[in-house]
Amino acid sequence: RSIQRAPEPLSVRYQALEVMDGEVLDRVWRLHYPALTVRIQPAEILVPYWRPGLRFQVECEEALDLADFYCRMEFNPEILKTHQIFQGQLFQPAGRRGIILDDSRSEEGILEIRGVSLDKRSGSGMTGSGTLFEVEMDILAAGSSALKIVEFEGVSLSLPEQSVELSGLSHSTVNIYS
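Please read all numbers here as calculations on a predicted model, not as lab measurements.

(A) Up close: the overall build of the chain. When helices and strands are tallied, the chain shows two helices and ten strands. Ordered by position from N to C terminus, the α and β elements of the chain give α-α-β-β-β-β-β-β-β-β-β-β. Out of the 178 residues belonging to the chain, those deemed buried represent 38%. Long-range pairs, those at least 24 residues apart, make up 76% of the contacts in the chain with a sequence separation of at least 6. With an accessible surface of roughly 9900 Å², the chain has 49% of that area assigned to carbon and sulfur atoms.

(B) Here's a closer look at the environment of E153. Looking at the secondary structure, you find E153 in strand 8 (residues 143–156). Measuring from C-alpha to C-alpha, the distance between E153 and F69 comes to 5.5 Å, with 84 residues separating the pair along the chain. Not counting chain neighbours up to four residues away, the residues in contact with E153 comprise D68, F69 and Y70.

(C) Spotlight on the pairing of strand 10 (residues 172–177). Burial along strand 10 is one-sided: the residues S172, V174 and I176 are buried and none of T173, N175 and Y177 is. Pairing analysis gives five bridges linking strand 2 (residues 44–48) to strand 10, with the strands arranged parallel. Each bridged residue has a counterpart across the sheet, and for V47 the counterpart in strand 10 is I176. Strand direction decides the pairing type here: strand 8 and strand 10, joined by five bridges, are antiparallel. Bridge assignment links L147 to a residue of strand 10, and that residue is S172.

(D) Structural context of the pattern of salt bridges. The tally for this structure, following the rule as stated, stands at eight salt bridges. Close ionic contact of E74 with R72 constitutes a salt bridge, the shortest N to O distance being 3.4 Å. Overall, the relative accessible area of 31% leaves E74 in the partly exposed class. R105 is the salt-bridge partner of E112, the closest N and O atoms lying 4.0 Å from each other. Accessibility expressed as a relative area gives 14% for E112, which makes it buried. Overlapping salt bridges bring together R39, E59 and E61 as one network.

Definitions and limits used
Residues numbered from 1 in each chain as written. Predicted model: local features only at pLDDT ≥ 70, side-chain atom pairs only at ≥ 80, totals over all residues. Heavy atoms only, no water. Helix = DSSP H or I, 4+ residues; strand = E, 2+ residues; numbered from the N terminus. Buried < 20%, exposed > 50% of the residue type's maximum accessible area, 1.4 Å probe, protein only. Contact = heavy atoms within 4.5 Å. Areas by Shrake-Rupley, 256 points an atom, 1.4 Å probe, with all protein chains shown as cover. Pairing = 2+ DSSP bridges. Salt bridge = Lys/Arg side-chain N within 4 Å of Asp/Glu carboxyl O.

Structure below.
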């Protein structure tokens, strides 16, 4: 019995292997590609009350062909209010589609974000580590608020089951002083 090297994820040989035996492909994938880590940066934010707002990044490590994601975050709505979302550097080049923000539940302290990133020319998703998106929030009052990623779902077109395995989610704390 001969041992063969696993084909590259976006190659024709890889797609043929997926058709033949998706279970083997899944095991090969999990051995060679790490799970996705998503975190809020910075881990702690200290801001004076007189500033109108603050900005933080949601970063991911080890993304591979990430084509679609959904992220739900929670915060203290008495302290903060969602203002705007910006695409991170992982959405470069500019030919990629953008982020959709649902701030309809902002008054409840819930922020929902859906991102779709397919390169218009190649059809591939985001690959690499870096900033997925940035969040700008208005400061409403002095106090403390946790920023928590309570749910993150990702889809990779290269995975047999398409859903991305997560290795961890990290959170942040915001302290607004007067």
